[in-house]
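Spelled out from the first residue to the last, the chains are:
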Amino acid sequence: MTILQRIAVIGAGAWGAALANVAARAGRDVVLVARDADAADAVRRAGASPHLPDVALDGAIAVAGGIDAVAGADAVLLVVPAQAHGAVAATLAPVLAPGTPVVACAKGIERGTRRFMTDVIAAALPGATPAILSGPSFAADVARGLPTAVTLAAADDAVAVALAHALGTPTFRPYHATDLRGVEIGGAAKNVLAIAVGIVRGRRLGASAAAALTTRGFAELMRFGRAYGARPETLTGLSGLGDLILTCSSRQSRNFSLGIAIGDGLSPGEARQSGLLAEGAFTAPVLVEMAAERNVDMPIAAAVAAVLDGRLGVDQAIAALTTRPFRAEH
Ligand SMILES: NC(=O)C1=CN([C@@H]2O[C@H](COP(=O)(O)OP(=O)(O)OC[C@H]3O[C@@H](n4cnc5c(N)ncnc54)[C@H](O)[C@@H]3O)[C@@H](O)[C@H]2O)C=CC1
Ligand SMILES: O=C(CO)COP(=O)(O)O
């Protein structure tokens, strides 16, 4: 098995800091690359990411402020928001050795191009080996070393296995897979559905309504996944159902919390002023467009997109969903 010893983590936000700690705990040589020199200085001074200030970075992690620090890396974890993946990946071209695994760690779909994350990486870095890491894992839990499990997929199983061994510890257990598409669809769609369940929670419609919406949301995720080539067993695994359950049930989730704020009465614009990254708000419109393109029925995702862009009020959206015709469950 190939040993991936030198790991570059690009993006010093909450998830980048958590994954840098993961790799350091697994015994790897880690460089964490912040956005620029000032951002790197701030992380060094605080010994933590400004997005995760309460969890110290492992002292063995080198913090850098420029892409040059990636030279010589055996694998790269790309941990910037989904909409920035393409631009940041493109900057790596001059410093990456051919074939280097580049692992997408964002959960979303690129707007405009409608590309999934590994396709974004393949387009920006044709010489690299795209991979994806996703699953039920809050940065704060992972950074602290609480037990978590995720899916790590690459088209070549040997690459997925090598990446899983490079990052895995008893408290961070990556399950390897080859279904890139299934992993990226689960991660992107669950954020949108979590906003819907958050809205229902914020509106105080009860735990039963939240469970119903999560389950019917999962049916949408499965339909979309089938239409776009995902394997069903991936969608029912950690990166699909597992992450949907986590994100639709915990206030630690920024997507769920965005939904709660809207359900509780804030306008979508006001709710988004928190400054926290809620990827589902960016993914919702593109997910709905892609569903329509392949005749996939996604009424919950469509309601989220319509509420977020102001076409539908929360009560109208709830009325639209609850007055749909009764139908067979499957
Ligand atoms: N926070 C979490 O618990 C988890 C997050 N993720 C995913 O990881 C991705 C990143 O999320 P977080 O780290 O939590 O967000 P964050 O908001 O904490 O950090 C984002 C980082 O990306 C940097 N950044 C933003 N735009 C950039 C650009 N154009 N160029 C370079 N750097 C840029 C920011 O400076 C910041 O350091 C998201 O797609 C999220 O869904 C996945 C699993 C867990
Ligand atoms: O993806 C996550 C947990 O698996 C983090 O969720 P949020 O992005 O909603 O905070």
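The protein carries the name Glycerol-3-phosphate dehydrogenase [NAD(P)+] in an unreviewed UniProt entry, which gives Rhodoplanes elegans as its organism. Taken directly from UniProt, the Subcellular location (unreviewed entry) text for the protein runs: "Cytoplasm". According to the UniProt record, the Pathway (unreviewed entry) comment for the protein reads "Membrane lipid metabolism; glycerophospholipid metabolism."

Thoughts on the domain arrangement of the protein
One frequently used descriptor of interface size is the decrease in accessible area upon assembly of the parts. Along its sequence, the protein is carved into domain 1 (6–178) and domain 2 (188–323). One C-alpha centre belongs to domain 1, the other to domain 2, and the line joining them spans 26 Å. Summed over both sides, the interface between domain 1 and domain 2 buries roughly 1900 Å², with carbon and sulfur atoms accounting for 63% of that surface. Interface area lost by domain 1 to domain 2 is led by Lys 107, Arg 114 and Phe 138, which between them contribute 35%. Counting across the interface, domain 1 meets domain 2 through 3 salt bridges. Salt-bridge contacts for Asp 243 lead to Lys 107; the nearest nitrogen and oxygen are separated by 2.6 Å. If you list the elements that add at least two residues to the side of domain 1 that touches domain 2, you get strand S6 (109–110), helix H5 (139–144) and strand S9 (148–154). Across the side of domain 1 that touches domain 2, the residue classes tally to 11 nonpolar, 7 polar and 5 charged.

Examining the environment of Asp 243
By secondary structure assignment, the location of Asp 243 is in helix H10 (residues 238–247). Accessibility expressed as a relative area gives 1% for Asp 243, which makes it buried. Spatially, the C-alpha atoms of Asp 243 and Ala 189 are 10 Å apart, while their sequence positions differ by 54 residues.

Overview of the pairing of S9
Across the 7 residues of S9, 7 count as buried, placing the element largely inside the fold. For strand S8 (residues 129–134) and S9, the ladder comprises 4 bridges, and the chain directions are antiparallel. Considered in S9, the bridge of Ile 132 is made with Ala 153. Here S9 pairs with strand S10 (residues 172–177) via 6 bridges, running parallel. Its bridge partner lying in S10, Thr 151 is registered against Tyr 175. For the handedness criterion, the β-α-β arrangement of S9, helix H6 (residues 157–167) and S10 is classed as right-handed.

Observations regarding the site of ligand 1
Ala 14, Trp 15, Ala 139, Arg 254 and Glu 279 are the nearest of the 19 residues found near ligand 1. Ala 139 is positioned such that a nitrogen or oxygen atom in its backbone is 2.7 Å from an oxygen atom of ligand 1. At 2.6 Å, a side-chain N or O of Glu 279 approaches an oxygen atom of ligand 1. Considered on its own, ligand 1 offers 830 Å² of accessible surface; in the complex 82% of this is hidden by protein.

Observations concerning the packing of aromatic side chains
For the structure shown, the criterion picks out 2 aromatic pairs. Here Phe 116 and Tyr 228 contribute two aromatic rings whose centre-to-centre distance is 6.0 Å and whose plane-to-plane angle is 70 degrees, an arrangement assigned as edge-to-face. Remark: Tyr 228 occurs in the loop between helix H8 (207–227) and helix H9 (232–235) and Phe 116 occurs in strand S7 (residues 115–116); sequence separation between them is 112 residues. Each member of the pair, Phe 116 as well as Tyr 228, is classed as buried. Relative to Tyr 228, the ring of Phe 224 lies with its centre 4.6 Å away and its plane at 25 degrees, an arrangement referred to as stacked. Residues Phe 224 and Tyr 228 agree in their burial class; the two are buried. A network of ring pairs unites the aromatic residues Phe 116, Phe 224 and Tyr 228 as a single cluster. Looking at Arg 272, its charged tip hangs above the ring of Phe 282, at a distance of 5.2 Å from the centre.

Some thoughts on the packing of helix H14 (residues 299–308) against helix H15 (residues 314–322)
It is the contact of H14 with H15, at a shortest axis distance of 10 Å, that shows an interaxial angle of 165 degrees. Classified by the interaxial angle, the pair formed by H14 and H15 is roughly antiparallel. In the crossing of H14 with H15, the sense of the turn from one axis to the other is right-handed. Within the contact between the two elements, H14 uses Pro 299, Ile 300, Ala 303 and Val 307 and H15 uses Val 314, Ala 317 and Leu 321. A per-class count over the contact of H14 with H15 returns 7 nonpolar, no polar and no charged.

Reading the values: the criteria
- For every chain, the first residue of its written sequence is number 1, and the numbers climb from 1 along that sequence.
- Chains carry letters from A onward and ligands carry numbers from 1 onward, assigned in written order.
- The model is predicted, so local features are restricted to residues of pLDDT at least 70 and side-chain atom pairs to those at 80 or more, both for listing and for counting; the totals for chains, interfaces and linings are taken over all residues.
- Only hydrogens and water are set aside; all other atoms, that is, all heavy atoms of the structure, feed into the side-chain values.
- UniProt positions are given in the numbering used here, feature names are shortened, and annotations may be inferred rather than shown by experiment.
- Start and end points for every domain follow an automatic or database-based domain assignment.
- Once two parts are joined, some of their accessible surface, as seen by a 1.4 Å probe, is lost; buried area is that loss totalled over both.
- Salt bridge, as used here: a side-chain nitrogen of Lys or Arg that lies within 4 Å of a carboxyl oxygen of Asp or Glu.
- Under the scheme used here, helices are H or I runs from DSSP no shorter than 4 residues and strands are E runs no shorter than 2 residues, and both carry numbers assigned from the N terminus.
- Only Asp, Glu, Lys and Arg are considered charged in this grouping, and only Ala, Val, Leu, Ile, Met, Phe, Trp, Tyr, Cys and Pro are considered nonpolar; every other residue, Gly among them, is considered polar.
- Only protein chains enter the calculation, and the probe is 1.4 Å; a residue is then buried if its accessible area is under 20% of its type maximum, exposed if over 50%, and partly exposed in between.
- Strands are treated as partners if at least two bridges between them are detected by DSSP.
- Here the term right-handed applies to a crossover when the path leading from its first strand over the helix to its second strand runs clockwise, the strands being oriented away from the viewer.
- Only heavy atoms are used to decide nearness, and a residue is near a molecule or strand if one of them lies within 4 Å of it.
- N or O atoms closer than or at 3.5 Å make up a polar contact, with two conditions inside protein: a donor-capable atom paired with an acceptor-capable one, and, for residues adjacent in sequence, both atoms drawn from side chains.
- The accessible surface values rely on the Shrake-Rupley method and a 1.4 Å probe; as for residues, cover is taken only from the protein chains in view.
- Pairing of aromatic side chains requires ring centres within 6.5 Å, counting the rings of Phe and Tyr and the six-membered ring of Trp. Pairs whose planes differ by under 30 degrees are stacked, by over 60 edge-to-face, and all others tilted.
- Whether a charge sits over a ring comes down to the Lys NZ or Arg CZ being within 6 Å of the ring centre and within 35 degrees of the ring normal.
- The convention used is that axes are lines fitted to C-alpha atoms, helices contributing only their stretch in contact, and that angles between N-to-C directions extend from 0 to 180 degrees.
- Here the word oblique covers every angle except those under 35 degrees (roughly parallel), over 145 (roughly antiparallel) and from 65 to 115 (roughly perpendicular).
- Here is the rule for handedness: rotate from the far helix to the near one, and if that takes an anticlockwise turn smaller than a right angle the crossing is left-handed, while a clockwise turn gives right-handed.
- Between two residues, a contact is recorded if the distance between any of their heavy atoms is within 4.5 Å.

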